[in-house]
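Residues per chain, in single letters:
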Amino acid sequence: MTRATATAPGKIILFGEHAVVYGRAAIAVPVTNVQATATIENAPAGTGCRLSAPDIGARIRLSDAPIDPLAVAVRLAIEAAGIEAEPDWYVTVRSTIPIAGGMGSGAAVSAALARAVLSHIGHCVAAPSTAWPRVSSARWRDQPIPDPETVNRIVFAVEELHHATPSGIDNTVIVYEQPVWFARGRPPQVFAIACPFQLIIADTGIAYSTRQVVADVRRAWREKTIRYEAIFDSIGAVAEAARRAIGAGHVTALGPLMQENQRLLRQLDVSAEALERLIAIAEKAGASGAKLSGGGRGGNLIALVRPERVDAVREALLASGAVRVIVTEVGASNYELSNS
Ligand code: MEV
């Protein structure tokens, strides 16, 4: 093959961020209208492997970048395919996922790179027929695919570089492209969404480092372990209640659960003024509940919105400084989204 292209979606965490790092369960869904895309083309002999990421102005030679996350994703995939010598390739990666915004841009870029490498080398497996139907049926129907388990392992390893103690939820939801119920150390589960519901994802425009926020929470947890463990337990209980509500189609229960989750995230000190302001604006304009999504301190919030309030909430958020607003229907057959 002379050229291979692969993509991976963004994600949002519905319930349970941060507590999931400490073993509590959380819920995440893919967001497919924002994507990372990686392309590999053969280069003349002796070129080596050259990576470019035009969105961030990065140009890297694989052999000169031992710990760069893009290079690590490519190198781990080459190793997984059993190739020892550095190949002569031009590798390009682009992404429409906001960087440092809680939507999994790092994990999606790694997943797209790993998939492109494995596809280019032809290191693929028959699509699994059970457990992860989207992987097996939607995009790669009837064709061999880069092994999702291998891609998941690679992305997790790169996540460990990004922030030292990832729970594994971001790589899992992005690689399997399904709503997941995730608890560290247990096999992730796809779960049923009995009744689709609409969410608005709004970007504060404030970039934050997940690594930094996760490290801050860890420091505070070490100092006030009993208090933090109690908050994590409460967040875990909210995620459990949300799972039951989503499974039973009780969408009206989700707004108050989001508010409760946000109240607990505030206690962990991972919210921010801009998040609180936009959450209040979304709720005033008719959202049934809203919370930050991902690491916090900036990035994106999500708001649960009845269909008839979508326009009002979107306009209120944009008028109040949200830099991007995405409307998504969770549980719709293909996660179709619109952007403004
Ligand atoms: C980041 O998307 C979610 C966090 O819970 C970190 C993690 O789960 O690794 C903050």
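Above this note sits the structure.
Attention in this report is confined to the structure presented alongside it. Since we're looking at a predicted model, the values are computed, not measured.

### A short note on the side chain of Ser 105
Along the polypeptide, Ser 105 turns up in helix α2 (residues 105-121). Contacts of Ser 105, omitting those with residues within four sequence positions, involve Ile 97, Pro 98, Ile 99 and Ala 100.

### Side note on the environment of Gly 205
By secondary structure assignment, the location of Gly 205 is in the loop between β10 (197-203) and α6 (210-223). Each C-alpha atom, one on Gly 205 and one on Gly 299, is 6.3 Å from the other, the two residues being 94 residues apart in sequence. Leaving out residues up to four positions away in the same chain, Gly 205 has contacts with Gly 299 and Val 323.

### Let's talk about the nonpolar core
By size, the foremost hydrophobic cluster in this structure holds 113 residues, and its most contacted members are Leu 14 and Phe 15. The residues that make up this core include at least three from each of domain 1 (3-192) and domain 2 (197-330). Those residues in contact with Leu 14, other than ones at most four positions away along the chain, are Ile 27, Ala 28, Val 29, Phe 197, Leu 199, Ile 246, Asn 261, Lys 291 and Ile 302.

### Some words on the packing of aromatic side chains
Considering all chains together, one arrives at three aromatic pairs under this definition. On the numbers, 5.0 Å between centres and 50 degrees between planes, the contact of Tyr 22 with Trp 221 is tilted. Of this pair, Tyr 22 sits in the loop between β1 (3-15) and β2 (26-42) while Trp 221 sits in helix α6, and the two are 199 residues apart along the sequence. Members of the aromatic cluster, connected to one another through ring pairs, are Tyr 22, Trp 221, Tyr 228 and Phe 232.

### Structural notes on the site of the ligand
Taken together, 13 residues sit near the ligand, with Lys 11, His 18, His 163, Ser 167 and Asp 170 positioned nearest. In this structure, His 18 approaches the ligand through a main-chain N or O atom, which is 2.9 Å from an oxygen atom. When the ligand sits alone it has 300 Å² of accessible area, and the protein chains cover 98% of it. Residues belonging to the shell around the ligand are distributed by class as follows: five nonpolar, five polar and three charged.

Parameters and conventions
Residues numbered from 1 in each chain as written. Predicted model: local features only at pLDDT ≥ 70, side-chain atom pairs only at ≥ 80, totals over all residues. Heavy atoms only, no water. Helix = DSSP H or I, 4+ residues; strand = E, 2+ residues; numbered from the N terminus. Contact = heavy atoms within 4.5 Å. Core = buried A, V, L, I, M, F, W, Y, C linked by side-chain atoms within 4.5 Å. Buried < 20%, exposed > 50% of the residue type's maximum accessible area, 1.4 Å probe, protein only. Domains from an automatic or database assignment. Phe/Tyr/Trp six-rings, centres within 6.5 Å; stacked < 30°, edge-to-face > 60°. Near = heavy atom within 4 Å. Polar contact = N/O pair within 3.5 Å; in protein donor to acceptor, adjacent residues only side chain to side chain. Areas by Shrake-Rupley, 256 points an atom, 1.4 Å probe, with all protein chains shown as cover. Nonpolar A, V, L, I, M, F, W, Y, C, P; charged D, E, K, R; others polar.

Read these as layout, nothing more, since geometry by itself doesn't imply function.
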